[in-house]
Amino acid sequence: MLPTATQKETRSDARLLALVAEQDREAFKELYDRYAGRLLAYVRAMGGPRISAEDVVQEVFVTLWRKATQYRSGLGSPEAWIFTITRHKVVDICALLPP
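As the structure is a computational prediction, the values presented were derived from the model and not from experiment.

## Concerning the nonpolar core
One finds Leu-31, Leu-39 and Leu-64 to be the most contacted residues of the largest nonpolar core, which totals 25 residues. Contributions of two or more residues to this core are made by helix H2 (13-21), helix H3 (25-47), helix H4 (53-67) and helix H5 (78-96). The element contributing the most residues to this core is H3, with 7 residues. With sequence-adjacent residues up to four places away left out, Leu-39 is seen in contact with Val-57, Val-60, Phe-61, Ile-82, Phe-83 and Thr-86.

Shown next, in the form of structure tokens:
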């Protein structure tokens, strides 16, 4: 049974990540809708004009899709985990760029 609009609105980030770990595309879309804009702004602030913020955010969401099973709630919030992945992507990409 598909969740109603009200149920979707109340799903926590942790629940969404658990569903993404089960390859739930609707949960992934909801997580994307919830975070993409904020991640884009974060990447732009960190990387400036040297990197494509859109490409970084895309890579972050690919990582979330592939590694959602690795999220552990005892180590921090879903939001912190997602932003940590994002920060690492930016650092990795910037390290590859010429000075």
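Moving on, there is more to tell.
## With respect to the pattern of salt bridges
Counting across every chain of the model gives 6 salt bridges. One salt bridge in this structure joins Arg-11 and Glu-30, with 2.6 Å as the shortest N-O distance. Note that Arg-11 is positioned in the loop between helix H1 (5-10) and H2 and Glu-30 in helix H3, a separation of 19 residues in sequence. An identical accessibility class is assigned to Arg-11 and Glu-30; each is buried. Among the salt bridges present, the one from Arg-38 reaches Glu-79, with a minimum N-O distance of 1.9 Å. With Arg-38 in helix H3 and Glu-79 in helix H5, this residue pair connects regions lying 41 residues apart in the sequence. Given a relative accessible area of 38%, Arg-38 falls into the partly exposed group. A cluster of three or more residues bridged by salt bridges with shared partners is formed by Arg-11, Asp-13, Glu-30 and Arg-34.

## Comments concerning the packing of H3 against H4
Packing of H3 against H4 leaves a shortest axis separation of 9 Å and a crossing angle of 145 degrees. In this structure, the crossing between H3 and H4 has a hand that is right-handed. In this structure, H3 contributes Arg-25, Phe-28, Leu-31, Tyr-32, Tyr-35, Ala-36, Leu-39, Leu-40, Val-43 and Arg-44 to the contact, and H4 contributes Ala-53, Glu-54, Val-56, Val-57, Val-60, Phe-61, Leu-64 and Trp-65. A class-by-class count of the residues in the contact of H3 with H4 yields 15 nonpolar, no polar and 3 charged.

## Digging into the side chain of Asp-13
Mapping Asp-13 onto the fold places it in helix H2. In terms of polar contacts, Asp-13 uses its side chain to reach the side chain of Arg-34, at 2.5 Å.

Each value, and the rule that gives it
- Residues numbered from 1 in each chain as written.
- Predicted model: local features only at pLDDT ≥ 70, side-chain atom pairs only at ≥ 80, totals over all residues.
- Heavy atoms only, no water.
- Core = buried A, V, L, I, M, F, W, Y, C linked by side-chain atoms within 4.5 Å.
- Buried < 20%, exposed > 50% of the residue type's maximum accessible area, 1.4 Å probe, protein only.
- Helix = DSSP H or I, 4+ residues; strand = E, 2+ residues; numbered from the N terminus.
- Contact = heavy atoms within 4.5 Å.
- Salt bridge = Lys/Arg side-chain N within 4 Å of Asp/Glu carboxyl O.
- Axes fitted to C-alpha atoms, helices over the stretch in contact; angles between N-to-C directions.
- Left-handed = near helix turned anticlockwise from the far one by under 90°.
- Nonpolar A, V, L, I, M, F, W, Y, C, P; charged D, E, K, R; others polar.
- Polar contact = N/O pair within 3.5 Å; in protein donor to acceptor, adjacent residues only side chain to side chain.

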